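One-letter residues, chain by chain:
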Amino acid sequence: MDNLNNLMQGFEDVIAPMNLLLALIGVLVGTAVGVLPGIGPAMTVALLLPITYGMEPVQAFIMFAGIFYGGMYGGSTTSILLNTPGESSSVVTAIEGNKMAKSGRAAQALATAAIGSFVAGTIATLLLVLVTPVVVDFAVSLGAPDYFALMLLSFIAVTSVLGASRIRGLISLLLGLTIGLVGIDTVSGQQRLTLGVPQLADGIDVVVVAVGIFAVGEALWVAAHLRRKPVEVIPVGRPWMGKKDWKRSWKPWLRGTAFGFPFGALPAGGAEIPTFLSYATEKRLTKHPEEFGKGAIEGVAGPEAANNASAAGTLVPMLAIGLPTNATAAVMLAAFQSYGIQPGPLLFEREASLVWVLIASLFVGNLMLLLLNLPLAPAWAKLLQIPRPYLYAGILFFASMGAYAVNAQPLDLFLLLLLGLLGFAMRRFGLPVLPLIIGVILGPRAELQGRRSLQLSGGELSGLVGGPVSYAVYTVIVLVLVWPLVRRFVVRPRTSPA
């Protein structure tokens, strides 16, 4: 009850006319910058952080909340329209969202993303208010074996759900794990797969990988087919979601929220695992399996809700224990520290008014984002009516700019081209892209948690099994591996006619 009273006090501060104007400016600017190809929420927040300097802390964080959610929505817009995710958590949205856009349903994809973002963001922010102490206690209780088991589940699921062939999914995953190995071994300190290039000692940034595989690979693929196919304008389609779209979207919104918030609140969670698990779940539960891979609206609604719920969930460990779990949270932590505020267990006691203003402004910014972008969905969708040579030239320009801005080193542009050629080859030979991205993101994390588990157990394999969470996850892994055999040799013979 005290938390709700504090939240109401936060709303009183936010609804002042000047503060509402700052929230609106934050949403507008965050969306505008986030829509640029190759620039994700983290980079959006980092680029716009200087405009909050010189403000009072309360006003700065009100604008910051708008920038935070605006950048999240902008990233989903580029994923859907241009197949160019600005960060790893938007990768899953691009799978079905871009297919919907190419089939003339861009406005519906943008609308379900906007509404799903609002629903998930609102529920997750409310959970942030209500269950922060409980979630933090649970997150701290998880050990290295539990995290390793969760990441292993993602690897198993990604090769068994995506693509027409499990072998191709496994090949793509191995490519991603290989790219993820580039850099310095955290235990021995030895360089791995760096080929003697000092700049590769820190590894290849996942933004460079995602932009190269998706944006540059897509641009090269389109360029290779321009002479064979006439340049055609992609139709925008109906501007609003129909009754059938609403019926197919509301359950994925809720399921995506249920996946996203707990993972976002874990100290080693993030948005990648829940967005993928949401996609895999929707693909299993859908009544329209033939549409997946061709533009299923559930494949946009669920992952986008999971992404935004996870974004709100990342504020739990950042505010409560001072631990940023992704790049966006790290930039926000830097913003706190620039005002001399240190997130941690004492934050809610020492800076209670500021924290509750920030949380209240998340609600306000989320609502503004819906009211602003839902009517603009048809306008954003008309970006697809730009002739493809000009459109993809712009994509390559902004993708190169976004990749270079990550580390400000020319080598990233060379890597971007190499990864673009790899993305082109994967499209040519039918390899799914997502397993590669999952391998790049989670490979180093899985290695770290697996090694940590083995070190704690003195090298015994039993150390990879921790508490009840890891037991439950390993049970799910066994079911995922065994079920295709059971369905093939047990279920089908029984159901087939004599």
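Residues numbered from 1 in each chain as written. Predicted model: local features only at pLDDT ≥ 70, side-chain atom pairs only at ≥ 80, totals over all residues. Heavy atoms only, no water.

- An unreviewed UniProt entry lists the protein chain under the name Tripartite tricarboxylate transporter TctA, with Streptomyces lacrimifluminis as the source organism.

**Some thoughts on the overall build of the protein chain**
Now for step 1: A count of helical and extended segments in the protein chain gives 20 helices and two strands.
Now for step 2: Per-residue burial over the protein chain gives 54% buried out of 498 residues.
Now for step 3: Restricting to contacts in the protein chain with at least 6 residues of sequence separation, those with at least 24 account for 79%.
Now for step 4: When the accessible area of the protein chain is evaluated, it comes to approximately 21,300 Å², of which 67% is carbon and sulfur surface. (Helix = DSSP H or I, 4+ residues; strand = E, 2+ residues; numbered from the N terminus. Buried < 20%, exposed > 50% of the residue type's maximum accessible area, 1.4 Å probe, protein only. Contact = heavy atoms within 4.5 Å. Areas by Shrake-Rupley, 256 points an atom, 1.4 Å probe, with all protein chains shown as cover.)

**Overview of the nonpolar core**
Now for step 1: In this structure, Val 209 and Ile 437 are the most contacted members of the largest nonpolar core, which totals 124 residues.
Now for step 2: Excluding its chain neighbours within four sequence positions, the residues that come into contact with Ile 437 are Val 91, Val 209, Ala 210 and Phe 214. (Core = buried A, V, L, I, M, F, W, Y, C linked by side-chain atoms within 4.5 Å.)

**Things to note about the packing of aromatic side chains**
Note on aromatic pairs: each is described by the distance of the centres and the angle between the planes.
Now for step 1: Scanning all chains against the criterion turns up four aromatic pairs.
Now for step 2: With centroids separated by 5.8 Å and ring planes inclined at 45°, the aromatic side chains of Phe 11 and Phe 363 adopt a geometry described as tilted. With Phe 11 in helix α1 (residues 2–14) and Phe 363 in helix α16 (residues 352–381), the pair connects residues that are 352 residues apart, well separated along the chain.
Now for step 3: Between Trp 246 and Trp 253 the ring centres are 5.7 Å apart and the planes differ by 90°, which places this aromatic pair in the edge-to-face class.
Now for step 4: The side chain of Arg 428 reaches across the aromatic face of Phe 429, ending 5.2 Å from its centre. (Phe/Tyr/Trp six-rings, centres within 6.5 Å; stacked < 30°, edge-to-face > 60°. Lys NZ or Arg CZ within 6 Å of the ring centre and 35° of its normal.)

**Describing the environment of Leu 454**
Now for step 1: Its location among the elements puts Leu 454 in helix α19 (residues 434–456).
Now for step 2: On a C-alpha basis, the gap between Leu 454 and Leu 464 in space is 6.7 Å, while along the polypeptide they are ten residues apart.
Now for step 3: The contacts of Leu 454, once residues within four sequence positions are left out, are Gly 459, Glu 460, Leu 461 and Leu 464.

**Quick look at the pattern of salt bridges**
Now for step 1: Enumeration according to the criterion identifies seven salt bridges in this entry.
Now for step 2: In this structure, Asp 185 and Arg 451 form a salt bridge, with 2.4 Å as the shortest nitrogen-oxygen distance. Residue Asp 185 is found in the loop between β1 (183–184) and β2 (191–192), and its partner Arg 451 is found in helix α19; the two are separated by 266 residues along the sequence.
Now for step 3: Of the charged contacts in the structure, one is a salt bridge between Arg 248 and Glu 291, with a shortest N-O distance of 3.0 Å. A residue pair is termed long-range when its members are at least 10 positions apart, and Arg 248 in helix α10 (residues 243–265) and Glu 291 in the loop between α11 (272–285) and α12 (298–313) qualify at 43 residues.
Now for step 4: The class for Arg 248 is buried, based on a relative accessible area of 12%. (Salt bridge = Lys/Arg side-chain N within 4 Å of Asp/Glu carboxyl O.)

**Considerations on the packing of helix α5 (residues 91–102) against α12**
Now for step 1: It is at 8 Å that the axes of α5 and α12 come closest, and there the two elements cross at 150°. As α5 packs across α12, the resulting crossing turns out to be left-handed. Contacts between α5 and α12 pair Val 92, Thr 93, Glu 96, Gly 97 and Met 100 from the former with Gly 299, Val 300, Pro 303 and Glu 304 from the latter.
Now for step 2: Residues of the contact of α5 with α12, tallied by class, amount to four nonpolar, three polar and two charged. (Axes fitted to C-alpha atoms, helices over the stretch in contact; angles between N-to-C directions. Left-handed = near helix turned anticlockwise from the far one by under 90°. Nonpolar A, V, L, I, M, F, W, Y, C, P; charged D, E, K, R; others polar.)

**Thoughts on a positive patch on the surface**
Now for step 1: Taken together, the side chains of Lys 243, Lys 247, Lys 251 and Lys 287 make up a positively charged region of the molecular surface.
Now for step 2: Tracing the sequence through the fold places Lys 247 in helix α10.
Now for step 3: Given a relative accessible area of 66%, Lys 247 falls into the exposed group. (Patch = residues over 30% accessible without salt bridge, like charges linked within 9 Å, V, L, I, M, F, W, Y side chains within 5 Å. Lys, Arg positive; Asp, Glu negative; His and termini not counted. Charge placed at Lys NZ, Arg CZ, Asp CG, Glu CD.)

**Things to note about the packing of helix α4 (residues 57–82) against α5**
Each pair of packed helices can be described by the angle between their axes along with the distance between the axes.
Now for step 1: For the pair α4 and α5, interaxial distance at closest approach is 6 Å and the crossing angle is 55°. The angle between α4 and α5 falls in the class oblique. Where α4 approaches α5, its residues Ser 79, Ile 80, Leu 81 and Leu 82 are matched on the opposing element by Thr 93, Ala 94, Gly 97, Asn 98 and Ala 101.
Now for step 2: Partitioning the contact of α4 with α5 into residue classes produces five nonpolar, four polar and no charged. (Parallel < 35°, antiparallel > 145°, perpendicular 65-115°, else oblique.)

**Overview of the confidence of the model for the protein chain**
Now for step 1: Put simply, the protein chain has an average pLDDT of 78, and 81% of its residues get 70 or more.
Now for step 2: Per-residue pLDDT, averaged within each element of the protein chain, yields its smallest value for helix α3 (residues 41–48) (64) and its largest for helix α18 (residues 411–428) (88). (pLDDT = per-residue confidence, 0-100.)

**Side note on the environment of Phe 397**
Now for step 1: With respect to the secondary-structure elements, Phe 397 resides in helix α17 (residues 388–407).
Now for step 2: Assessed through its relative accessible area of 52%, Phe 397 is described here as exposed.
Now for step 3: The sequence separation of Phe 397 and Val 216 amounts to 181 residues, and the corresponding C-alpha distance is 9.9 Å.

**Quick look at the side chain of Ser 117**
Now for step 1: Position of Ser 117 among the secondary structure elements: in helix α6 (residues 106–141).
Now for step 2: Accessibility expressed as a relative area gives 2% for Ser 117, which makes it buried.
Now for step 3: Only 3.0 Å separates the side chain of Ser 117 from the side chain of Asn 308, close enough to count as a polar contact.
Now for step 4: Discounting chain neighbours no more than four positions away, the residues touching Ser 117 are Glu 304, Asn 308 and Asn 366. (Polar contact = N/O pair within 3.5 Å; in protein donor to acceptor, adjacent residues only side chain to side chain.)

**Structural notes on α4**
Now for step 1: For α4, built from 26 residues, the straight-helix expectation of 38 Å at 1.5 Å per residue is met to within 8% by its first-to-last C-alpha distance of 36 Å.
Now for step 2: For α4, the tally of buried residues reaches 23 of 26 residues, placing the bulk of the element in the interior.
Now for step 3: Note on α4: the residue one or two positions beyond its end, Asn 83, has a positive phi of about 55°. (Expected span 1.5 Å × (residues − 1).)

**Some thoughts on a nonpolar patch on the surface**
Now for step 1: Nonpolar side chains collect at one region of the surface, where Met 18, Leu 21, Leu 24, Ile 25 and Leu 28 lie side by side and expose about 410 Å² of accessible area between them.
Now for step 2: Taking the relative accessible area as the measure of exposure, Leu 21 reaches 43% and is therefore partly exposed.

**Let's talk about α11**
Now for step 1: Between the first and last C-alpha of α11 there are 20 Å, a value that for 14 residues agrees with the 20 Å anticipated at 1.5 Å per step.
Now for step 2: Burial analysis of α11 places eleven of its 14 residues in the buried class, the great majority of the element.
Now for step 3: What α11 keeps buried is the set Glu 272, Ile 273, Pro 274, Thr 275, Phe 276, Leu 277, Ser 278, Tyr 279, Ala 280, Thr 281 and Glu 282.

**Concerning unusual backbone geometry**
Now for step 1: The phi angle at Leu 193 is positive, at roughly 55°, despite the residue not being glycine.
Now for step 2: A positive phi angle, close to 55°, is found at Leu 195, a residue other than glycine.
Now for step 3: Relative accessible area serves as the criterion here: at 79%, Leu 195 is assigned to the exposed category.

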